[in-house]
Amino acid sequence: MRVLLTGGAGYIGSHTAVVLAERGHEVVIVDDYSNAHPEAVRRVAEIVGKAVPMVEADLANQKAAAQAFTDAAAALGGELDAVIHFAGLKAVGESVAQPTRYYRTNINSTLNVLDQMRAHSINRLVFSSSATVYGDPETNPIAETQQVGVGLTNPYGWSKAMNEQIIRDAAVVQKGFRAVLLRYFNPVGAHESGRIGEDPSGIPNNLMPFVAQVAVGKREQLSVFGSSYPTPDGTGVRDYIHVMDLAEGHAAALEAAGEGVAEYNLGSGKGSSVLEVVAAFEQASGRPVPYQIVDARPGDVAECVADPRKANAELNWQTTRSLADACADSWRWQSQNPNGYAKDGEVTA
Ligand code: UDP
């Protein structure tokens, strides 16, 4: 298939580009590089041994989105068959501080992508959703049948829930439309080559990149947010999924998409606490990860673990990589690229 990856230079997009290209799909990336680096796409091309065309555009802008779809099809020499829509802002805390920016970017880009798909009769969409849409889950592990979009605590999460609804409504009026909403749990790790990985700007919000920066000596210590949750060791429990497993989930969803809209959890089904992640990273890196316990982070839930059985059964997909694998791959990426994709001497905050 000819597949357009919006936000394809980002963390999950770049790993998915590798998997798709290796499965014989033709990939074109559209990104505005606001939180990504063209170097990531260059390295994707190096890994797969094939050029990966890029189109620079801000998809939240209607005119730019129209031009980008035309340019993307031209770059692949034919009309697109599918879109994987990764593009969007993703920092939870920032979304609380800048709500209108988050809604404007995350909603407008989806509206423009849907309009362009209709205009070009592109009938396959895979959307980056998030386990955040479940809010504070009633039970763990979480199945897709649990309620969505109730009591969410930040605009980022709301924008994902709203986008799911927008896609469902758009699917009604486009004949033959196939959409898959993928609810990610906690993506971690990197491609095993160490050439691509997560490159957060500034201070990482997420646990694994922060831990990696402590291990490499870039930051002094980790703050563990809360130690009195009702979990085995008192720290928060999450379902960490290797980014390559997640990328394979996108390829599976793209290929298996049936008519209408379906939603799937992409997670491992296994919960790990913050302290278990710290221990696994120390083991993988051979470096100490000093930490201090601080207050819980507002809005965090105690536990969030996927029930991935629907994706396992209907997408013919399973995770095959462990938390230890993710830590080893994340460490390879971090230690070989201590400044991410920035060139030597470039300021990275
Ligand atoms: N966490 C932490 N210190 C950090 C970042 C995260 O203790 O510097 C904890 C957080 O409270 C949660 C887990 O690590 O229990 C995963 O957080 P992350 O931000 O990576 O993902 P989330 O599950 O919040 O989307």
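This structure is a prediction, so every number in the text was calculated from the model and none was measured.

Asker: So what about the sheet that holds strand β5 (residues 124-130)? Which residues, and what values?
Answerer: Spatially, β3-β2-β1-β4-β5-β6-β11 is the arrangement adopted by the seven strands of the open sheet, whose pairing is parallel. Two strands lie at the open edges of the sheet, namely β3 (54-56) and β11 (260-266), each paired on one side alone. Between one strand axis and the next, the sheet turns by 20° as a mean value, whatever way the strands run. Here strand β4 (residues 82-85) runs beside β5; their pairing, made up of four bridges, is parallel. Pairing of His 85 across the sheet is with Phe 127, part of β5. Of the strands in this sheet, β1 (2-6), β2 (26-31), β3 and β4 are in contact with helix α3 (residues 62-76), which crosses β2 at around 150°. Here helix α8 (residues 243-256) sits on the sheet in contact with β1, β4, β5, β6 (178-184) and β11, set at roughly 160° to β6.

Asker: Would you mind going over α8 in detail, with residue names and values included?
Answerer: For α8, built from 14 residues, the straight-helix expectation of 20 Å at 1.5 Å per residue is met to within 8% by its first-to-last C-alpha distance of 20 Å. A large share of α8 lies buried, amounting to eleven of its 14 residues. Within the span of α8, buried status applies to Val 243, Met 244, Asp 245, Leu 246, Ala 247, Gly 249, His 250, Ala 251, Ala 252, Ala 253 and Leu 254.

Asker: Break down the site of the ligand for me, citing the residues and quoting the values.
Answerer: Around the ligand there are 14 residues in total, and Leu 207, Ser 223, Arg 238, Arg 297 and Asp 300 lie nearest to it. Interatomic distance of 3.2 Å between a side-chain N/O atom of Asn 206 and an oxygen atom of the ligand. A distance of 2.8 Å is found between an oxygen atom of the ligand and a side-chain nitrogen or oxygen belonging to Arg 297. By residue number, the principal contributor to the shell around the ligand is strand β8 (residues 222-225), which donates four residues. The residue makeup of the shell around the ligand, split by class, is six nonpolar, five polar and three charged.

Asker: If you had to explain the environment of Pro 137 to someone new, which residues and values would you point to?
Answerer: Summarising the element assignment, Pro 137 is placed in the loop between β5 and α6 (155-173). By relative accessible area, which is 11% here, Pro 137 ends up buried. In this structure the C-alpha to C-alpha distance between Pro 137 and Glu 79, which are 58 residues apart in sequence, comes to 41 Å.

Asker: Provide a residue-level description of the sheet that holds strand β14 (residues 303-304), including the pertinent values.
Answerer: In sheet architecture, strand pairing relies on hydrogen bonds along the backbone and comes in two forms, parallel and antiparallel. The strand order β12-β9-β14 describes an open sheet built from three strands, whose pairing is mixed. Two strands bound the open sheet, and with one partner strand each, they are β12 (272-273) and β14. The pairing of strand β9 (residues 237-238) with β12 spans two bridges and is classified as antiparallel. Directly across from Arg 238, in β12, lies its bridge partner Ser 272.

Asker: Can you explain the nonpolar core? Please cite residues and give values.
Answerer: In this structure, Leu 5, Leu 20, Val 52, Ile 84 and Leu 182 are the most contacted members of the largest nonpolar core, which totals 47 residues. Breaking this core down by element, the ones donating at least two residues are β1, α1 (11-22), β2, α2 (38-48), β4, β6, α8 and β11. With eight residues, α8 is the largest single contributor of residues to this core. Among the nonpolar cores identified, the runner-up in size contains 25 residues, and Met 117, Ile 122, Ile 167 and Leu 181 belong to it.

Asker: Could you give an account of the side chain of Thr 6, with specific residues and numbers?
Answerer: Within the secondary structure, Thr 6 is located in strand β1. Beyond its immediate sequence surroundings of up to four residues, Thr 6 is in contact with Val 30, Leu 59, Val 83, Ile 84, His 85, Phe 86, Ala 87 and Val 113.

Asker: Please provide a residue-by-residue account of the state of the cysteines, values included.
Answerer: Following the criterion strictly, the structure yields zero disulfides and no others. No disulfide involves Cys 304; its sulfur sits 18 Å from the nearest other cysteine sulfur, which is in Cys 327. Classification of Cys 327 as buried rests on a relative accessible area of 0%.

Asker: Could you give me a rundown of the pattern of salt bridges, with the residues and numbers involved?
Answerer: Enumeration over the complete set of coordinates arrives at 13 salt bridges. Note that Arg 42 is salt-bridged to Glu 39, the shortest N-O span being 2.9 Å. Placement of the pair is Arg 42 and Glu 39 together in helix α2, with a separation of three residues, close to one helical turn. Taking the relative accessible area as the measure of exposure, Glu 39 reaches 16% and is therefore buried. Note that Glu 94 and Arg 101 form a salt bridge whose closest N and O atoms lie 3.6 Å from each other. Glu 94 gets classed as partly exposed once you look at its relative accessible area, which sits at 33%.

Cut-offs used in this document
Residues numbered from 1 in each chain as written. Predicted model: local features only at pLDDT ≥ 70, side-chain atom pairs only at ≥ 80, totals over all residues. Heavy atoms only, no water. Pairing = 2+ DSSP bridges. Helix = DSSP H or I, 4+ residues; strand = E, 2+ residues; numbered from the N terminus. Axes fitted to C-alpha atoms, helices over the stretch in contact; angles between N-to-C directions. Contact = heavy atoms within 4.5 Å. Expected span 1.5 Å × (residues − 1). Buried < 20%, exposed > 50% of the residue type's maximum accessible area, 1.4 Å probe, protein only. Near = heavy atom within 4 Å. Polar contact = N/O pair within 3.5 Å; in protein donor to acceptor, adjacent residues only side chain to side chain. Nonpolar A, V, L, I, M, F, W, Y, C, P; charged D, E, K, R; others polar. Core = buried A, V, L, I, M, F, W, Y, C linked by side-chain atoms within 4.5 Å. Disulfide = S-S within 2.5 Å. Salt bridge = Lys/Arg side-chain N within 4 Å of Asp/Glu carboxyl O.

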